[in-house]
Amino acid sequence: MYINQPFQTTLVDTVQLEDIALHSGRFVHASICPAEAGTGIKFRRMDVEESLQTVSAHADYAEQARLCTRIANADGIGLETIEHFMAAFAGIGLDNAIVEVDAGEAPILDGSSQPIIDAIRRVGLKTLNARRKYIVITQPIEVQLDNGAWARIEPADQLEIDVEIDFEDKAIGKQSLHYIHCDGSFEAELSTARTFCQLSDVDLMQNAGLALGGSLNNAVVVDNGTVINEGGLRMEREFVRHKALDCLGDLYLLGLQIRGKLTASRPGHALSMMLIKAIWQNKQAFQIVSDGAVTSQSEAYVMPELAAAAAV
C-alpha cells in the first residue's frame, strides 16, 4: 500500500523495541518516532550529549564496518547494525522517522526485520502532504571487492534485486533469488529471513569482539551441513533471502526509494557500502524523480544538515 503511492509517509505514533545487540552483547532500547516530511530516516544516540546525538541514515555518513552496516556523523558518533531497521523501513514504505537508541548498536531482535514490521503495523503509517521522491538509476555502475564479490546496478522501471551466494557448508551451499520490490513483496518474501553464520566462525567472531550477543534466538547457525536451530529454517532459501533483505536495507541509505536493478554475487555490507557510495558520488548515474517529473540535479535530494553546512 505504501511502496507505490505518491506521498511521503511517517508513523502514526511512536513504537518501542528492546533486545540485546548482536555484536556488543548490550541490552538496547529503541524508539521509532514519527517525523515531518523531508526528514528522512535519522537515528539519535540517546546515551550521548544532545548536540551530538543525531546520525542521518544516508550514504554520506556510511562507514565500512565488520559484519554490519554502520553510520557516523561529523562528530564521530556512530551507530551499528541498522540494516534490519533500514530494510523494514524500505520494505513497508516508511519515508520519515527518528529512531532513538540508547547505545551504539541497534537491537538485533530475532535476526530479521519482522519484529520491526510488526511493531510499525500496530500503530500504522500515515501519508503526509508532501510528494515522495525516488532515485532513478540512469547508468550502470559496478563495483568489486578483492575477494571477487561484485555488485552492479542498472536502469529498471522498479527496484529489482538479483543475488547469489555460495558457501562451503552444504546447509547453505549455492542459492540465488530474484526479488521485485512492490506492495506486499517484502513481507511475503524477505522480512522473516534471519541473519546466519557457520558454527566454525563463531569463536573467530567472538575473539574479535563481534557477535557477543549472538545466539540461536537471533541467528540461523549451520554446522557441517546441518541447521542446528530448533525448528530449522523458516522458509525455503532463507539464507539468500536474508542477503536480499540486507541489500534492500543498505540501498535505502541513498535516502530515497530506488528504481533500478541490483545484481550481486556474494553480497555483504562492505560491498553494499562501496556500491551506494559509488552511486551517490556519480551524479550522472541517477536522477531524482518526483511524481514522474525529473528534479534538476541542483535540486536533488540533500540531507538538511548538508545543505546548512554548504550555506555557511
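In short, a report on the structure. For every chain, the first residue of the written sequence is number 1, and numbering continues from 1 onward in sequence order. This being a predicted model, a pLDDT of at least 70 is required before a residue's local features are given, and a value of 80 or more before pairs of side-chain atoms are given or counted; all residues contribute to the totals for chains, interfaces and linings. Side-chain measures here rest on the full set of heavy atoms in the structure, leaving out hydrogens and waters.

1. Some remarks on the overall build of the protein
A run of H or I in DSSP counts as a helix once it spans at least four residues, and a run of E counts as a strand once it spans at least two, with each numbered from the N terminus. The helix and strand inventory of the protein stands at seven helices and 22 strands. Taking 2.2 N^0.38 as the reference for a compact globule, 312 residues should give roughly 20 Å; the C-alpha atoms of the protein span a radius of gyration of 18 Å, in line with that estimate. With the principal axes as the frame, the protein shows a C-alpha extent of 55 × 40 × 35 Å. Within the structure as shown, the protein displays about 13300 Å² of accessible surface, and the carbon and sulfur contribution to it stands at 47%. Distance between charge centres in the protein, computed from 25 positive and 42 negative side chains, equals 3 Å. In this setup the radius of gyration rests on C-alpha atoms only. A globule is expected at 2.2 Å times the number of residues raised to 0.38. Each accessible area is a Shrake-Rupley result for a 1.4 Å probe, and residues are judged covered by the shown protein chains and nothing else. Only four residue types enter the charge count: Lys and Arg as positive, Asp and Glu as negative, with His and the chain ends excluded. Working definition for charges: the position is that of NZ of Lys, CZ of Arg, CG of Asp or CD of Glu.

2. As for helix α1 (residues 83–92)
Most of α1 sits out of view: ten of its ten residues are buried. For every residue, the accessible area (1.4 Å probe, protein chains only) is compared with the maximum for its type, and the residue is labelled buried under 20%, exposed over 50%, or partly exposed between those bounds. Among all positions in α1, only E83, H84, F85, M86, A87, A88, F89, A90, G91 and I92 are buried. Remark: G93 follows α1 within two positions and exhibits a positive phi of approximately 85°.

3. As for the packing of helix α5 (residues 238–251) against helix α6 (residues 269–281)
Where α5 meets α6, the axes come as close as 10 Å, and the angle between the chain directions of the two elements is 35°. Considering how the two elements wind past one another, α5 and α6 form a crossing that is right-handed. For the pair formed by α5 and α6, the contact residues are D246, D250 and L251 on the first element and H269, S272, M273 and I276 on the second. Three classes are used: nonpolar for Ala, Val, Leu, Ile, Met, Phe, Trp, Tyr, Cys and Pro, charged for Asp, Glu, Lys and Arg, and polar for all others, with Gly counted as polar. Residues of the contact of α5 with α6, tallied by class, amount to three nonpolar, two polar and two charged. Note on definitions: angles span 0 to 180 degrees between N-to-C directions of axes, and those axes are lines fitted to C-alpha atoms, for helices only across the stretch in contact. The sense of a crossing depends on the near helix, which, turned anticlockwise from the far helix by less than a right angle, makes the crossing left-handed and, turned clockwise, makes it right-handed. Residues are treated as being in contact if the distance between any of their heavy atoms lies within 4.5 Å.

Geometric values such as these leave the question of function open.
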